[in-house]
Amino acid sequence: MDLTVPRLRSLRGTLRLPGDKSISHRALLLGSLCDGNVSVRGFLPSLDTLATLECLRRLGVRIDRKGPDGLVVHGSGAHGMREPGDVLDARNSGTTTRLLAGILAGQPFFSVLTGDESLRGRPMRRIVEPLRSMGADIRGRDADSLAPLAIRGGRLQGIDYTVPLSSAQVKSCVLLAGLFAEGGTTVREPAPTRDHTERMLAYLGGAIQAAPEMTQIQPSLPLVARPLHIPGDISSAAFPLAATALLPGSRLSITGVGLNPTRTAFLDVLERMGTAVEAHGVKETSGEPVGRLTARHAELRAVQVGGADIPGLIDELPILAALATQAEGTTLIRDAAELRVKESDRLHALAVGLARMGAKVEERPDGLAITGPSLLRGARLETYGDHRIAMAFYVAGLVAKGRTVLADAECIDVSFPGFDRSMKAVGRG
Ligand code: S3P
């Protein structure tokens with residue numbers, strides 16, 4: 001489906017965003033390991049999270065939808081799942097594949113995890129190796145590096161594992177397998193990544209000890225059923241916040257948004273670029289900080305990001321690249337080769353699309369150099385079926401001269417159903 005970017009001169013008002021994608025996946029997965037019913041509010045009903053929901057149903061977990069963003073997950077503890085009658089389809093979702101694989105490694109049955117073409121091209125050796133060293137029998141295509149993954153789970157032993165790259169999905173996979181293992185499991189990571197799994201495990205009574213860059217877990221199933229309230233997704237908020245910074249006269253509030261410090265690096269980058277986003281009324285809900293953000297238009301300057309900045313910004317790098325086209329100076333994004341193995345090769349997709357709009361952009365093996373400000377012109381753009389590329393180009397299209405059309409824009413529903421509607425709701429033409 002083609003989507004034409006609307007003409008919006010400024011954004012004004014207040015938005016409430018759909019639930020956090022990472023936390024919604026975890027609510028389903030951890031909820032199914034509880035000792036009873038877990039009621040969930042603020043669930044994100046997107047293509048990715050619904051893939052997790054369908055996989056769990058296929059594993060025999062009962063999940064009832066309650067209205068647009070409510071759920072009841074009927075947890076059945078450590079041994080409630082049964083062998084699925086067919087393959088489990090994670091569709092476009094890396095989080096579904098990698099986190100669910102950790103749980104399946106602990107199940108005494110055979111299962112196969114697969115997904116769409118993009119997912120079947122994404123690296124899986126990063127989870128196959130630690131799960132094997134815990135004792136799981138797990139195989140995949142291309143010498144065990146790609147999905148479909150065939151898993152025969154069973155008895156696992158705890159390990160002390162250092163994740164070679166910073167990945168919350170890999171860390172979470174090993175921690176979830178650790179719930180089923182004999183003895184304790186320790187996961188160390190080179191730089192801190194999002195800690196939603198750790199927070200939710202602690203909230204649901206899991207025996208977990210988290211310190212920066214090192215987490216320990218003891219087998220502690222079943223988890224204790226408690227209600228979960230999921231905040232709005234700060235990675236979705238990044239797009240209207242960026243549009244607010246770019247469009248003169250804009251002032252926007254976003255309420256009920258998750259402000260977990262492992263996810264807020266983009267707000268620090270916006271501040272370094274010259275626009276402070278203020279947080280108000282922060283309180284903790286179901287183990288996660290939540291609050292309201294207020295942003296306004298500003299003239300932007302270039303910024304450099306790399307190293308330990310990257311894990312906290314990983315999903316915001318596409319929108320940062322779009323912002324950089326309007327910032328004074330050369331923005332450098334380094335140490336971000338992981339972007340090449342996301343839902344698309346995001347470095348390439350951004351370089352091609354932004355250049356087509358007239359931006360000065362250089363693609364590097366591990367990042368981008370973007371010199372601004374440049375006058376963008378509207379264009380027809382490939383989104384590569386990648387939700388964050390589509391939304392980043394949408395925001396670039398708002399400041400471009402002429403019409404911007406996004407191909408395959410339905411991919412936006414992977415994380416932010418109603419994105420175009422939300423933008424128009426606060427947009428002034
Ligand atoms: C996620 C972790 C990140 C992120 C993805 C969601 C998660 O992936 O990019 O959108 O929910 O744990 P990696 O672990 O591959 O960095």
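All of these numbers come straight from a predicted model, not from anything done at the bench. For every chain, the first residue of the written sequence is number 1, and numbering continues from 1 along that sequence. pLDDT decides what is reported in this predicted model: residues at 70 or higher carry local features, side-chain atom pairs at 80 or more are listed and counted, and totals for whole chains, interfaces and linings draw on all residues regardless. Water and hydrogen atoms play no part in the side-chain values, which are based on all heavy atoms of the structure.

> Help me out: how do you make sense of the overall build of the protein in this one?
Counting from the N terminus, the helices are the DSSP runs of H or I reaching at least four residues and the strands are the DSSP runs of E reaching at least two. When its secondary structure is counted, the protein shows 14 helices and 24 strands. The atom set for the radius of gyration is the C-alpha atoms, and the globule formula is 2.2 Å times the number of residues raised to the power 0.38. Taken against the 2.2 N^0.38 rule, which gives 22 Å for 429 residues, the C-alpha radius of gyration of the protein at 21 Å falls within 12% of a compact globule. Considered along the principal axes of its C-alpha atoms, the protein spans approximately 60 × 45 × 40 Å. Burial classes: relative accessible area under 20% of the type maximum marks a residue as buried, over 50% as exposed, and values in between as partly exposed (1.4 Å probe, protein chains only). Each of the 429 residues in the protein was classed as buried or not, and the buried ones make up 62%. Counted over contacts in the protein with a minimum sequence separation of 6, partners at least 24 positions apart contribute 75%. Reported accessibility uses the Shrake-Rupley method at a 1.4 Å probe radius. Residues are deemed covered only where the shown protein chains occlude them. Accessible surface, the protein as shown: approximately 15500 Å² in total, 48% of it carbon and sulfur. Neither His nor the chain termini are counted; the positive set is Lys and Arg, and the negative set is Asp and Glu. Note on charges: their place is set at NZ of Lys, CZ of Arg, CG of Asp or CD of Glu. In the protein, 51 positive and 46 negative side-chain charges are present, and the distance between their average locations comes to 5 Å. Residue contacts are counted whenever heavy atoms from the two residues lie within 4.5 Å of one another.

> Would you mind showing me how to read the layout of surface pockets here?
Rolling a probe over the atoms, with the probe sized like a water molecule, indicates the empty space that remains. The computed volume of the largest pocket comes to approximately 570 Å³. Considering the residues around the largest pocket, the lining is formed by 36 residues, among which Ser166, Ser167, Ala168, Ile314 and Lys342 are closest to the centre. Elements with a minimum of two residues in the lining of the largest pocket: α1 (21-31), α3 (94-104), α6 (168-180) and α10 (310-313). Note on residue categories: nonpolar means Ala, Val, Leu, Ile, Met, Phe, Trp, Tyr, Cys or Pro, charged means Asp, Glu, Lys or Arg, and polar means any other residue, Gly included. Within the lining of the largest pocket, the residues separate by chemical class into ten nonpolar, ten polar and 16 charged. When residues are assigned to domains, the lining of the largest pocket turns out to be shared by domain 1 (3-19 + 231-428) and domain 2 (21-229), each giving three or more. In this structure, the second largest pocket occupies an estimated 440 Å³ of space. A pocket, in this scheme, is an open set of points on a 1 Å grid over the protein atoms alone with protein on both sides within 12 Å along at least 5 of 7 lines, while a cavity is a set where a 1.4 Å probe fits but cannot get out; residues line either one if an atom lies within 4 Å of a point. Taken together, 25 residues form the lining of the second largest pocket, with Arg16, His229, Ile230, Gly232 and Gly256 sitting closest to its centre. Put simply, the parts of the chain that give the lining of the second largest pocket at least two residues each are β15 (251-258), β16 (278-285) and β17 (288-296). Within the lining of the second largest pocket, the residues separate by chemical class into ten nonpolar, ten polar and five charged. Grid points are joined across faces, edges and corners, and a volume is the space filled by probe spheres set on the points. Domain limits in this description derive from either an automatic procedure or a database domain assignment.

> What am I meant to see in a negative patch on the surface here?
Taken together, Glu382, Asp408, Glu410 and Asp413 make up a surface patch of like negative charges. Inspection of the secondary structure puts glutamate 382 in the loop between β22 (380-381) and α13 (387-398). Here the term patch refers to residues with relative accessible area over 30% and no salt bridge, with like charges joined within 9 Å and nonpolar side chains (Val, Leu, Ile, Met, Phe, Trp, Tyr) within 5 Å. A side-chain nitrogen of Lys or Arg and a carboxyl oxygen of Asp or Glu constitute a salt bridge if their distance falls within 4 Å.

> How should I be thinking about the site of the ligand in this particular structure?
Looking at the ligand, the residues that line it are Ser22, Arg26, Thr95, Arg98, Ser167, Ala168, Gln169, Arg194, Ile314, Asp315, Lys342 and Arg388. Any pair of N or O atoms that falls within 3.5 Å is considered a polar contact. Within protein, one atom must be able to donate a hydrogen and the other to accept it, and sequence-neighbouring residues count only if both atoms are side-chain atoms. Side-chain polar atom of serine 167 to an oxygen atom of the ligand: 2.6 Å apart, as the coordinates give it. For the ligand, an oxygen atom lies 2.9 Å from a polar atom in the backbone of glutamine 169. By definition, a pocket or cavity contains a molecule when more than half of the molecule's atoms lie within 2 Å of the pocket's grid points. The pocket occupied by the ligand, as judged from atoms lying within 2 Å of grid points, is the largest pocket. Elements supplying a minimum of two residues to the shell around the ligand: α1, α3 and α6. Class assignment for the residues of the shell around the ligand results in two nonpolar, four polar and six charged. Here the shell around the ligand gathers at least three residues from each of two domains, domain 1 (3-19 + 231-428) and domain 2 (21-229). Only a single heavy atom is needed: when it lies within 4 Å of a molecule or strand, its residue is near that molecule or strand.

> In this structure, what is going on with the pairing of strand β3 (residues 37-41)? I would like to understand it.
A regular strand places its side chains so that they alternate between the two faces of the sheet. Residue alternation in β3 divides its side chains into a buried set, Val38 and Val40, and an unburied set, Asn37, Ser39 and Arg41. Note on pairing: DSSP must find at least two bridges between two strands before they are called paired. As defined by bridge partners, β3 adjoins strand β14 (residues 228-229) across two bridges and the pair is classed as parallel. Across the sheet, residue valine 40 finds its bridge partner in β14, namely leucine 228.

> Just checking my understanding: could you explain the pairing of strand β2 (residues 10-16) for this structure?
Of the pairings in the sheet, the one linking β2 to strand β24 (residues 427-428) comprises two bridges and is antiparallel in character. Each bridged residue has a counterpart across the sheet, and for leucine 11 the counterpart in β24 is glycine 427. Strand direction decides the pairing type here: β2 and β15, joined by five bridges, are parallel. Opposite glycine 13, over in β15, you have leucine 252 as the bridge partner.

> Sorry, what's going on with the sheet that holds β22 here?
Pairing between the strands of a sheet comes from backbone hydrogen bonds, and it takes one of two forms, parallel or antiparallel. In spatial order, the strands read β1-β23-β22; together these three strands make up an open sheet with mixed pairing. Sheet topology places β1 (3-4) and β22 at the edges, where each strand pairs with a single neighbour. Sheet topology note: the β22/strand β23 (residues 405-406) ladder contains two bridges and is parallel. Counterpart to arginine 380 in the pairing with β23 is valine 405.

> Quick question: what am I supposed to make of the domain arrangement of the protein here?
Accessible area lost on assembly of the parts is the figure often given for the size of an interface. Taken as a whole, the protein is organised into domain 1 (3-19 + 231-428) and domain 2 (21-229). Relative to domain 2, the C-alpha centre of domain 1 lies at a distance of 28 Å. Between domain 1 and domain 2 the total buried area reaches about 2300 Å² when both faces are included, carbon and sulfur atoms providing 51% of it. Summed over both partners, the accessible area lost on bringing two parts together, with a 1.4 Å probe, is the buried area. Ranking the residues of domain 1 by area buried against domain 2 places Ser286, Glu343 and Val414 at the top, with a combined share of 23%.

> Looking at this structure, I do not really get the pattern of salt bridges. What am I missing?
Where charged atoms from two side chains of opposite charge come close, those side chains can pair. The final tally for this structure, using the stated rule, is 25 salt bridges. Here arginine 346 and aspartate 315 are joined by a salt bridge, their closest N and O atoms 4.0 Å apart. Of this pair, arginine 346 sits in helix α12 (residues 346-356) while aspartate 315 is found in the loop between α10 and α11 (317-324), placing the two residues 31 residues apart along the sequence. Taking relative accessible area as the criterion, arginine 346 reaches 0% and is therefore assigned buried. Relative accessible area serves as the criterion here: at 9%, aspartate 315 is assigned to the buried category. One network of salt bridges, in which partners are shared, links Arg122, Arg194, Asp315, Glu343, Arg346, Asp386 and Arg388.

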